[in-house]
Amino acid sequence: MTNLLLASTENIDNQNNQHTPLNDPEIAGVVAHINEEHLDELLGFLSAFTSLSTTELDLVDAQITDIYAEGIAIQTCLKSSEIQPAGAHNTSLHNQTFFIAFAAPIFQLDDLQAQYILLKQRADKKLGKKTIKLTKQVFEVQNSYRISKNMLRLELSMLSLSDTPLNNAAQLSNAKGAKNSTSVPTNEAGYAYLFDLEHNAMTNALMTDSTDGNKAGDYKTNGSDKENVRPARLHCYYTLRKAWQADDEIRAWVDVFLHGDTPGGNWATALQAGETVVTKREFPEKVEHLRDGQAVLIVDETSMPTAARLLELWNNPTPPLVICVTQDAGDQSYLDTVKMRSCIDNIGNDNSNTDSDTNNDCDTESRKDDRFTVLPIVTNQPNSGAELATLIDRELGDYLTDNPLQIDKVWGALEANTAKALRPLLKDRLELSRTDVVVKVYWRHD
Ligand SMILES: Cc1cc2nc3c(=O)[nH]c(=O)nc-3n(C[C@H](O)[C@H](O)[C@H](O)COP(=O)(O)OP(=O)(O)OC[C@H]3O[C@@H](n4cnc5c(N)ncnc54)[C@H](O)[C@@H]3O)c2cc1C
């Protein structure tokens, strides 16, 4: 069935389905990527902008079929388990196409990201969910040091006066006491920032210029100058490992996995105390499903910071199993000093840092025996590809044979091909629903 159903009234933009094709050869790749990695967002758009009910949405999968200048076409299809026989009455949900309109038309594929983010922000707002923010934040580097063989910790502080934490976010106030819209979440695991690597390349170029005898003010950022200092990679995602309020400032850790001569690693290694780092986008991680049930966390070096914070803020009576995959045995120690929420003392979990989340509401007495189990996997090679998924699945299978556990929830973040191969293996092995298995892509091997 290929009827075109229009989404809610706010999305009706063309009664005749005369949408403008973009005719860009890269569209197919973008569509494939969104369909593979962003199913939950597509379902969120359907939930926020169409009349489909939560019950109906539970029965379907969704995929983008095309991207037009005016919006995206999303098609529903019944999940295979729903088609026969019980779902026969739901056939109206099969192959229905919904048109979701952008706030403003796009003229080229490069404009898609901004409109897609706007759609996501509107959908999340309607659904009462935390969402992606396009905010610029400036931190100052205080220190950096290795915390395991290949993990570099950046200690950052947020410039400006601080105020009483509100809604678990440390907020800034300006000199007149007015609230600044910027905030750093102190009580959220996996909150990610897109760091602007170009900012430091530019700043370093200016510094070099001025020490060469030119006045910094004379620096002209015209096109060719910018090209000369532009790093191979303009930005990179790193997770807020932890943030807390300290006296009159916000302190934060960001842990960067160093894996050779790469733009992100080189940027982090070159940072000096007193330099600023700038972030341009930020978004929360999808971890709400971990509040109950037996969870397994599956991480490599890039997602160990998220797992560490998840454990510190663990809000589930059952401790998780953590599958920790590292290339180097020397990075397995990363989780050694991490204490689950109920075990964190009043000084913080290490380095004598005062941790703002120590006055948590957890019942320490009843949970003091909580321990999480780490299942270490050391591969001696970069942790990517479908073979790694097979290895993780096999190790999990062996563990569950020796330690019979009913796993109810999964959170993981890995390399793209590993994540893609692992999702179906886990769904089969653990017999879990789509919403209970969240395996994110944190990086791509090339
Ligand atoms: C939401 C989110 C949160 C993240 N949080 C963190 C974090 O807290 N800490 C962290 O270290 N990373 C984190 N990452 C991953 C990080 O953004 C990527 O690993 C990024 O690609 C690193 O950039 P790079 O310049 O080092 O390498 P790239 O420029 O991406 O690639 C250079 C080369 O290195 C290879 N490569 C890239 N990443 C890896 C890797 N992990 N292992 C082996 N080879 C690799 C590539 O295949 C390529 O050959 C996060 C990613 C996301 C999406």
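This text goes with the structure placed above it.
We now turn to the structure provided with this report. (Residues numbered from 1 in each chain as written. Predicted model: local features only at pLDDT ≥ 70, side-chain atom pairs only at ≥ 80, totals over all residues. Heavy atoms only, no water.)

**Considerations on unusual backbone geometry**
- One non-glycine residue, aspartate 247, adopts positive backbone phi at about 45 degrees.
- Position of aspartate 247 relative to the elements: it lies in the loop between strand S11 (235–246) and strand S12 (249–257).
- Given a relative accessible area of 77%, aspartate 247 falls into the exposed group.
- Even without being glycine, asparagine 380 reaches a positive phi, approximately 60 degrees.
- Considering the arrangement of structural elements, one finds asparagine 380 in the loop between strand S16 (373–378) and helix H11 (386–402). (Helix = DSSP H or I, 4+ residues; strand = E, 2+ residues; numbered from the N terminus. Buried < 20%, exposed > 50% of the residue type's maximum accessible area, 1.4 Å probe, protein only.)

**Some details on the site of the ligand**
- For the ligand, the set of nearby residues contains 23 residues, the closest of which are Arg233, Tyr237, Phe257, Thr262 and Gly264.
- Tyrosine 237 has a polar backbone atom sitting 2.7 Å from an oxygen atom of the ligand.
- Within the contact set of the ligand, an oxygen atom lies 2.6 Å away from a side-chain nitrogen or oxygen of threonine 262.
- Taking 920 Å² as the accessible area of the ligand by itself, protein coverage stands at 87%.
- Breaking the shell around the ligand down by element, the ones donating at least two residues are S11, S12, helix H8 (263–270) and strand S18 (437–443). (Near = heavy atom within 4 Å. Polar contact = N/O pair within 3.5 Å; in protein donor to acceptor, adjacent residues only side chain to side chain. Areas by Shrake-Rupley, 256 points an atom, 1.4 Å probe, with all protein chains shown as cover.)

**Some points on the packing of helix H2 (residues 39–49) against helix H5 (residues 112–127)**
- At a closest axis distance of 9 Å, the pairing of H2 and H5 adopts a crossing angle of 60 degrees. The angle between the axes of H2 and H5 places the two elements in the oblique class. Between H2 and H5 the crossing geometry is left-handed. Contacts from Glu41, Leu42, Gly44, Phe45, Ser47, Ala48 and Phe49 of H2 reach H5 at Tyr116, Leu119, Lys120, Arg122, Ala123, Lys126 and Leu127.
- Of the residues that constitute the contact of H2 with H5, the class distribution is eight nonpolar, two polar and four charged. (Axes fitted to C-alpha atoms, helices over the stretch in contact; angles between N-to-C directions. Parallel < 35°, antiparallel > 145°, perpendicular 65-115°, else oblique. Left-handed = near helix turned anticlockwise from the far one by under 90°. Contact = heavy atoms within 4.5 Å. Nonpolar A, V, L, I, M, F, W, Y, C, P; charged D, E, K, R; others polar.)

**A few points about the nonpolar core**
- Grouped together as the largest cluster of nonpolar side chains are 32 residues, with contacts concentrated most on Leu42, Phe45, Ile64, Ile67, Ile72 and Ile74.
- When residues of this core are traced back to their parent elements, those giving at least two are helix H1 (27–37), H2, helix H3 (54–59), strand S2 (60–67), strand S3 (71–78), strand S4 (96–101) and H5.
- Examining the composition of this core, we find that seven residues originate from one element, H2, more than from any other.
- Discounting residues that sit within four places of it in the chain, isoleucine 72 has contacts with Phe45, Ile64, Asp66, Ile67, Phe98, Phe99, Ile100, Phe102 and Leu119. (Core = buried A, V, L, I, M, F, W, Y, C linked by side-chain atoms within 4.5 Å.)

**Considerations on the packing of aromatic side chains**
- Under the counting rule described, the total for this entry stands at 12 aromatic pairs.
- Relative to phenylalanine 99, the ring of tyrosine 68 has its centre 6.2 Å away and its plane inclined at 55 degrees; by these criteria the two rings are tilted. Placement of tyrosine 68 in the loop between S2 and S3 and of phenylalanine 99 in strand S4 is noted, with a sequence separation of 31 residues between them. Assigned by exposure class, tyrosine 68 and phenylalanine 99 land together as buried.
- Grouped by ring-pair contacts, the aromatic residues Phe139, Tyr191, Tyr193, Phe195, Tyr238 and Trp267 constitute a single cluster.
- The aromatic ring of tryptophan 253 is capped on one face by arginine 153, whose charged end is 3.7 Å from the ring centroid.
- Lysine 242 extends its terminal NZ or CZ atom over the ring of tryptophan 244, reaching a point 5.3 Å from the ring centre. (Phe/Tyr/Trp six-rings, centres within 6.5 Å; stacked < 30°, edge-to-face > 60°. Lys NZ or Arg CZ within 6 Å of the ring centre and 35° of its normal.)

**Re the sheet that holds S16**
- Strand order in the open sheet made by the five strands is S16-S15-S14-S17-S18, with parallel pairing throughout. The sheet is open, and its two borders are formed by S16 and S18, each paired with just one other strand. When the angles between neighbouring strand axes are averaged without regard to direction, this sheet yields 15 degrees. (Pairing = 2+ DSSP bridges.)

**Some thoughts on the environment of proline 382**
- With respect to the element layout, proline 382 can be found in the loop between S16 and H11.
- Taking the C-alpha atoms as reference, proline 382 lies 9.8 Å from aspartate 300; in sequence the two are 82 residues apart.

**What about the packing of H11 against helix H12 (residues 416–430)?**
- At a minimum axis distance of 7 Å, the contact between H11 and H12 shows a crossing angle of 30 degrees. For the element pair H11 / H12, the angle class is roughly parallel. The hand of the H11/H12 crossing is right-handed. On the side of H11, the interface is formed by Ala386, Leu388, Ala389, Thr390, Ile392, Asp393, Arg394, Leu396, Gly397 and Leu400, while H12 contributes Asn417, Thr418, Ala421, Leu422, Leu425, Leu426, Arg429 and Leu430.
- Residue composition of the contact of H11 with H12, by class: 11 nonpolar, four polar and three charged.

**Observations concerning the sheet that holds strand S10 (residues 192–196)**
- Pairing is antiparallel around the closed barrel formed by six strands, whose spatial order is S5-S6-S12-S11-S10-S13. Strand-to-strand twist in this sheet, taken as the mean axis angle between neighbours without regard to direction, amounts to 45 degrees.

**Points about the pattern of salt bridges**
- Summed over all chains, the structure comprises 17 salt bridges.
- Among the ionic pairs, aspartate 328 bridges to lysine 149, the shortest N-O distance being 3.0 Å. Of this pair, aspartate 328 sits in the loop between strand S15 (321–326) and helix H10 (364–367) while lysine 149 sits in the loop between strand S5 (137–148) and strand S6 (151–158), and the two are 179 residues apart along the sequence.
- A residue is classified by how much of its surface remains accessible, and aspartate 328, at 22% relative accessible area, is partly exposed.
- Across the salt bridge formed by arginine 429 and aspartate 393, the nearest N and O atoms sit 2.7 Å from each other. Residue arginine 429 is located in helix H12, and its partner aspartate 393 is located in helix H11; the two are separated by 36 residues in the primary sequence.
- On the basis of relative accessibility, which here comes to 38%, the residue arginine 429 falls in the partly exposed class.
- In the salt-bridge network here, residues are joined through shared partners; they are Arg153, Arg241, Asp255, Arg309 and Glu312. (Salt bridge = Lys/Arg side-chain N within 4 Å of Asp/Glu carboxyl O.)

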